[in-house]
Amino acid sequence: MTPVQQTLHALASTNHWSALAPEIGLGVVALVLLLLELVLPKRAVAVAVPRVAILGLVAMLGWVARDWQSAWLGQEIFGGMIRQTIDSQIMRVFFLLASLLVVFVASVVLPKHKMPRVEFHHVLLVCTGALMLLAQSNHFVLLFVALETVTVSLYVLVAYFRESPLSLEAGLKYLVTGSLSSALLLFGIVLLYGIAGNPLLVGHTANSMNFAELGAFLRLHPEEPLALVGAALVLSGIAFKIGAVPFQIWVPDVYQGAPTPVTAFLAVSSKAAGFALMLILVRGPFQPLAQLTVPLLSIFAALSLLFGNLAALGQRNVKRLMGLSGVSHAGFLLVGVVASIATSDAVSWAPAAVYFYLFTYLVGAMAAFGVMAHVSIDDDADQDLRHYAGLARRSPLLGATLACGVGSLAGIPPLAGFIGKLLIFVAAFQAHQWTLLAIAIVAVVISIYYYFGWIRAAFYEEVPAAERNVAPLHLGVAASFTLIALALASVLLGLYQGPLGQWIAGR
Amino acid sequence: MNDVSSPLLLQLAVAAPLAGALVLAFGNLLPKRLCKLVAFVGFLVPLLAALTLWYGYSAAPKTDGYAFLSATDLGLARGFGIALKLGLNGISLPLFVMAAIVGFAAGLAALNSGAERLKLYLLLLLVMHGGLMGVFASVDVFFFYLFHEFALIPTFLMVGVWGGRDRTYAAMKMTIYLTLGAMLSLAGLIALYVKSDAASFDLINLRAAIAHSGGLLPFYQHNFFALLLFGFGILVSLWPFHTWAPLGYSAAPTSVSMLHAGVLKKFGLYGLVQIALPLLPLGAHDWSSWLVWLALANVVIIGFVAMAQRDLKLMISYGSVMHVGYGFLGVATLTTLGAGGAVFFMVAHGLSVALLFLLGHEVLLRVGTYDMNQMGGLVKRAPVLAAFFSAAMLASIGLPGFAGFWGELTIFLSLWSISKLVTALALLGVIISAVYGLRAVAKVFFGEETENHAKYAVANPTADLSWSARLPALALLAALFFLGFWPKAITAPLNETLGQIYPAVEAAAKVAAQ
């Protein structure tokens, strides 16, 4: 055999396709959706498409659960492209759950605006698959390809309301800033690739895009300037995705203009993907660069906490509010990331605390978006706090769900978000990050103001006289159940963490 | 009482109000009468349970100073040591019983308040009550905090929805102040947990771990105690962080004022006595001289402010802020006597301030205003109310025969050994509260009936205090009398527990002073 053949053979022998069955399955379901549109009559399509999407997502959820202790856990497969870990398994579940809930939000919003279903769900499923790959990537090529699949899908989804100027504007803004972040990321990757492949340096490697090999090289050269610049650029590219300051500039406008389900997707899945990547990188190949990553991420965290909350204070548009408060949540999560890599006293369970926080954010944010989908009127981009006046009277269920969801986001005990914040605080404490801890506590207090303002609008303020005729809001049975489940999850996850808690505690 | 049933009884006292709230969550499906019955049971069960536990406490077997211990693992127990651990010691028992009595009275007042959207109101009040019972029953510091928030969150909503004038502003101000206080104290508790290297948030373990290591470093003690002192201080309306309190109480609906001013506010002082002082004696010593002057500011400055009030409810609110100063003074002495006095005083103050808010509302129903300048001569129309109100005022001043007397007396005795000047200034507070209290009684009930009042009485004829209002008032007053004449019911368990914990605090304070 020639050397090329040998390489190909080695690659093929590690291609365990069944390990990626859920991602492939999602792709298949996405194609089936396109087929359905051709085959079924138009009216049936609108009904069938979301159901098939939900079925597909649930089936893949089952598949991931079935293969939870996958045979390749911890090994490099696909020639070092992919590495599955318990963390990546958790993130796969996270993305599937998040997409399920996005489908739920979309099932309320899309009919309101008479938008087609097929394309939306198709792109959503493809994007979910890419997100899941992202969380398992072990190689910069896969990372970049998966990330671009996600980003390009999001370009489409953000501008999905093509008759709404705000949606188009948001699409354009996301395109410009997204391209910029991709460029930063790519430039960083190239620098790392170049320096680690430099034959003049000790420990150089031909396969320097592989995280393990790159990590081995960086351990020998932790102070190589080009490597430091490269790592900083890669982290900055990811900071765009999570909406951390100073890369948050796109957040409010894009969140506002994007259709509500897409905003939910951006807020939850896209942010979570950024954190999954960041944890893989800073605890993997970039671990030797802690002298760079710790201060850099600390600055991102501190700025995000302060800026996100202060900017959210004056917002009346709830989508912008969610966006800017999301920036501050990115700050809290970054505190957890910093605690996991802090130079001398890294906290071993801090990544688990970050995942737990992401789950609480998923539940709380989706509860809020679910309510927003029901409350929004004609203009999806114009969702003002005044629309929430008297909500608790118009629909007690929506009011209660909003209170649980928003309360959890604010971190009010005994709701889930509180436990999330508590774990992050304890981690920051054990990692001796006093300054970050103090800023985080100030941030919680500031955030109470705007979260509480939202609840106040829903509970205290009466329906304005001009809108007296607004009928009580009616919810479908499925929507009611989903909202109740989300509200209950926000409460129960705060009181009883069960196996999830034991898993974090055991790390 | 056998050993198996009593921990269950304690769990029941915490769970019953919460279970009642859960039932009321489906209140739309139930008839109103049934809802009221469920709420009544939710308030009654903790009372009966608490009285039974009180009765059985001295004979009950104790582990590490706690009786009725029980623990439930919720998933975070192994790594973070967070578990729902309930139990009572001599410090928490009196407050637990007081919470049950005040909760019962506030519940009765709410049931008869005829508030709009009564089911939701009762639901939130039950959640609040469940939280309060939990605060004092928790041995786990994490749950101590969590239950406090359980009780706190409903107050924000209730002030905002059912409150009086300025309710939105008051609710917002309370929310921000109290969140700040809660976050600071949470930071202090986390700090304590992490630095003590204890295996869990369990207070027994924390004590053991800190005793084992011979106490935290003075630097940590200094800073952690500051976090706890100012965090708790904001929650207890320590001067100058008190401005949320009078505003909030006067805006809150009556039952909420009763529970918040009477019970919930004791959380912070209780935290200082039960957690902060025993675990951080050196830190407490560093800050005690500050605390003395801040607490004196509570007593004297806020006392004068209370004197200047013309609004009855605002006056009661300021009076409540003023009186917590005594609790802080007791704590600041860092002695067994002072801590015991503070606990006794908290119990008495909780009962009397709740009684005052309850009766103040009854006055409002009869004269249509809280403005004392427009009141007078109510005694002719409502002699029983007048008698109750006068008794409540005397109890709040601390007349012998009422519970408050023992609390104040003990605090003054413990202060005397610290500083005679401070004692004299603190005694000034008794005169101040006598002045505004008795003047209020005179203005509201005696003198000529004002024109305004006569008109209102003709338009809204109300009889004297009805039985539905007498019952909660009687419960509170009976407790005040009982403790006034038989303080041993509290001091016996209190002495036992303080005797185990506080000698070490006194010793550490002495060492630090040298």
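Residues numbered from 1 in each chain as written. Chains lettered and ligands numbered in written order. Predicted model: local features only at pLDDT ≥ 70, side-chain atom pairs only at ≥ 80, totals over all residues. Heavy atoms only, no water.

On to the overall build of chain B, then. Looking only at helices and strands, chain B features 22 helices and three strands. C-alpha extents for chain B along the principal axes are approximately 70 × 60 × 40 Å. Per-residue burial over chain B gives 64% buried out of 514 residues. Here the analysis covers contacts within chain B between residues at least 6 apart in sequence; of these, 81% occur between residues at least 24 apart. Counting every atom, chain B has about 17,200 Å² of accessible surface; 68% of that belongs to carbon and sulfur. Side-chain charges in chain B split into 27 positive and 20 negative, and the spacing between the mean points of these groups amounts to 6 Å. (Helix = DSSP H or I, 4+ residues; strand = E, 2+ residues; numbered from the N terminus. Buried < 20%, exposed > 50% of the residue type's maximum accessible area, 1.4 Å probe, protein only. Contact = heavy atoms within 4.5 Å. Areas by Shrake-Rupley, 256 points an atom, 1.4 Å probe, with all protein chains shown as cover. Lys, Arg positive; Asp, Glu negative; His and termini not counted. Charge placed at Lys NZ, Arg CZ, Asp CG, Glu CD.)

Once that is clear, we can look at the sheet that holds strand E1 (residues 62-63) of chain B. Spatial strand order, E1-E2-E3 (chain B): three strands in an open sheet with antiparallel pairing. The strands lining the two open edges of the sheet, one partner per strand, are E1 and strand E3 (83-88) of chain B. (Pairing = 2+ DSSP bridges.)

A separate point is helix H17 (residues 416-430) of chain A. All names here are of chain A. Helix length check: H17, at 15 residues, gives a terminal C-alpha distance of 22 Å against a target of 21 Å (1.5 Å per residue), a fit within 8%. For H17, the buried fraction is high: 14 of the 15 residues fall into the buried class. One or two positions beyond H17, positive phi appears at His432, with a value near 60°. (Expected span 1.5 Å × (residues − 1).)

Residue and element names in this part refer to chain B. In this structure, the second largest pocket spans a volume of roughly 540 Å³. Every residue lining the second largest pocket is counted, 29 residues in all, and those nearest its centre are Ser113, Pro253, Thr254, His361 and Leu364. Residue assignment for the lining of the second largest pocket shows that the elements contributing at least two residues are helix H4 (92-111), helix H10 (244-251), helix H11 (254-264), helix H15 (336-367) and helix H21 (467-485). Here the lining of the second largest pocket gets five residues from one element, more than from any other, and that element is H15. Class assignment for the residues of the lining of the second largest pocket results in 15 nonpolar, ten polar and four charged. (1 Å grid on protein atoms, 1.4 Å probe; cavity = no way out; pocket = protein on both sides within 12 Å on 5 of 7 lines; lining within 4 Å. Points joined across faces, edges and corners; volume = space filled by probe spheres on them. Nonpolar A, V, L, I, M, F, W, Y, C, P; charged D, E, K, R; others polar.)

Residue and element names in this part refer to chain A. Orientation of helix H5 (residues 118-134) relative to helix H6 (residues 140-158), taken along the N-to-C sense of each, is 155°, at an axis distance of 9 Å. By the criterion of interaxial angle, the relationship of H5 to H6 is roughly antiparallel. Where H5 crosses over H6, the two elements pack in a sense that is left-handed. Across the interface between the two elements, Phe120, Val123, Val126, Cys127, Ala130, Leu131, Leu133 and Leu134 from H5 touch Leu142, Leu143, Ala146, Leu147, Thr149, Val150, Ser153, Val156 and Leu157 from H6. Residue classes in the contact of H5 with H6 are distributed as 15 nonpolar, two polar and no charged. (Axes fitted to C-alpha atoms, helices over the stretch in contact; angles between N-to-C directions. Parallel < 35°, antiparallel > 145°, perpendicular 65-115°, else oblique. Left-handed = near helix turned anticlockwise from the far one by under 90°.)

This paragraph deals with the pattern of salt bridges. All names here are of chain A. Here the structure, examined in full by the defined rule, presents eight salt bridges over all chains. Its salt-bridge partner being Arg66, residue Asp67 comes within 3.4 Å of it at the nearest N-O pair. Residue Asp67 is classed as partly exposed on the basis of its relative accessible area, which comes to 27%. The exposure class assigned to Arg66 is exposed, which follows from its relative accessible area of 63%. Between Lys173 and Asp253 there is a salt bridge, with its nearest N and O atoms 2.6 Å apart. In this pair, Lys173 is assigned in helix H7 (residues 165-196) and Asp253 in helix H10 (residues 251-257), connecting sequence segments 80 residues apart. Ionic contacts of the salt-bridge type, sharing partners, join the residues Glu169, Lys173, Asp253 and Arg320 into one network. (Salt bridge = Lys/Arg side-chain N within 4 Å of Asp/Glu carboxyl O.)

Residue and element names in this part refer to chain B. Along the polypeptide, Thr155 turns up in helix H6 (residues 141-162). We classify Thr155 as buried; its relative accessible area is 0%. Residues contacting Thr155, with those up to four places away along its chain left out, are Met128, Val256, His260 and Leu264.

Residues and elements named next belong to chain A. Running from amino to carboxyl end, helix H4 (residues 86-112) crosses helix H14 (residues 350-375) at an angle of 5°, the nearest separation of the two axes being 9 Å. Taken together, the axis directions place H4 and H14 in an arrangement best described as roughly parallel. Looking at side-chain class alone, the contact of H4 with H14 contains 19 nonpolar, two polar and two charged residues.

Moving on: the confidence of the model for chain B. Residue and element names in this part refer to chain B. Of the residues in chain B, 98% have a pLDDT of 70 or more, and the chain-wide mean is 84. No element of chain B has a lower mean pLDDT than helix H3 (residues 77-80), which averages 65, and none a higher one than H4, which averages 89. Reported confidence for the predicted complex is 0.73 by ipTM and 0.84 by pTM. (pLDDT = per-residue confidence, 0-100.)

Residues and elements named next belong to chain B. Pairing of E1 with strand E2 (residues 66-73) involves two bridges; the strand directions are antiparallel. Bridging from a neighbouring strand, Lys62 pairs with Ala67 of E2. Between E1 and E2, which follow one another and run antiparallel, lie two residues, and Asp64 among them has a positive phi close to 50°. Bridge count between E2 and E3: five bridges; the pairing is antiparallel.

A few words now on the side chain of A:Ser167. Residues and elements named next belong to chain A. For Ser167, the position within the fold is in helix H7. At a separation of 2.8 Å, a polar atom in the side chain of Ser167 contacts the main-chain carbonyl oxygen of Val158. In this structure Ser167 touches Val158, Ala159, Tyr160, Phe161, Gly257 and Pro259, once residues within four positions along its chain are discounted. (Polar contact = N/O pair within 3.5 Å; in protein donor to acceptor, adjacent residues only side chain to side chain.)

Membership of the largest hydrophobic core comes to 408 residues, with the highest contact counts inside it found for A:Phe140, A:Phe286, A:Trp454 and B:Leu329. Sort the elements by how many residues they give to this core and H14(A) lands first, with 21 residues. Contact partners of B:Leu329, with chain neighbours within four places excluded, come to B:Val292, B:Ala295, B:Leu296, B:Val299, B:Ile411, B:Leu415, B:Val422 and B:Ala426. Ranked by size, the runner-up nonpolar core spans seven residues in total, among them A:Ala19, A:Leu20, A:Trp72 and A:Leu142. (Core = buried A, V, L, I, M, F, W, Y, C linked by side-chain atoms within 4.5 Å.)

On to the interface of chain B and chain A, then. Contacts between the two partners involve 36 residues from chain B, matched on the other side by 34 residues from chain A. Both sides together, the interface formed by chain B and chain A hides about 3,400 Å², and carbon and sulfur atoms give 80% of it. For the interface between chain B and chain A, the tally reads zero salt bridges. In this assembly, chain B and chain A are joined by zero residue pairs in polar contact (both at pLDDT 80 or more). Breaking the side of chain B that touches chain A down by element, the ones donating at least two residues are H3, H6 and helix H7 (167-196) of chain B. Of the residues forming the side of chain B that touches chain A, the biggest block, 15 residues, is contributed by H7(B). Tallied by class, the residues present in the side of chain B that touches chain A amount to 23 nonpolar, six polar and seven charged. (Buried area = accessible area lost by both parts, 1.4 Å probe.)

Residues and elements named next belong to chain B. A full pass over the atoms with the stated rule returns 16 cavities of 30 Å³ or more. In this structure, the largest cavity spans a volume of roughly 100 Å³. The greatest single-element share of the lining of the largest cavity, amounting to five residues, is contributed by H6. The residue makeup of the lining of the largest cavity, split by class, is twelve nonpolar, three polar and one charged. There is about 80 Å³ of room inside the second largest cavity.

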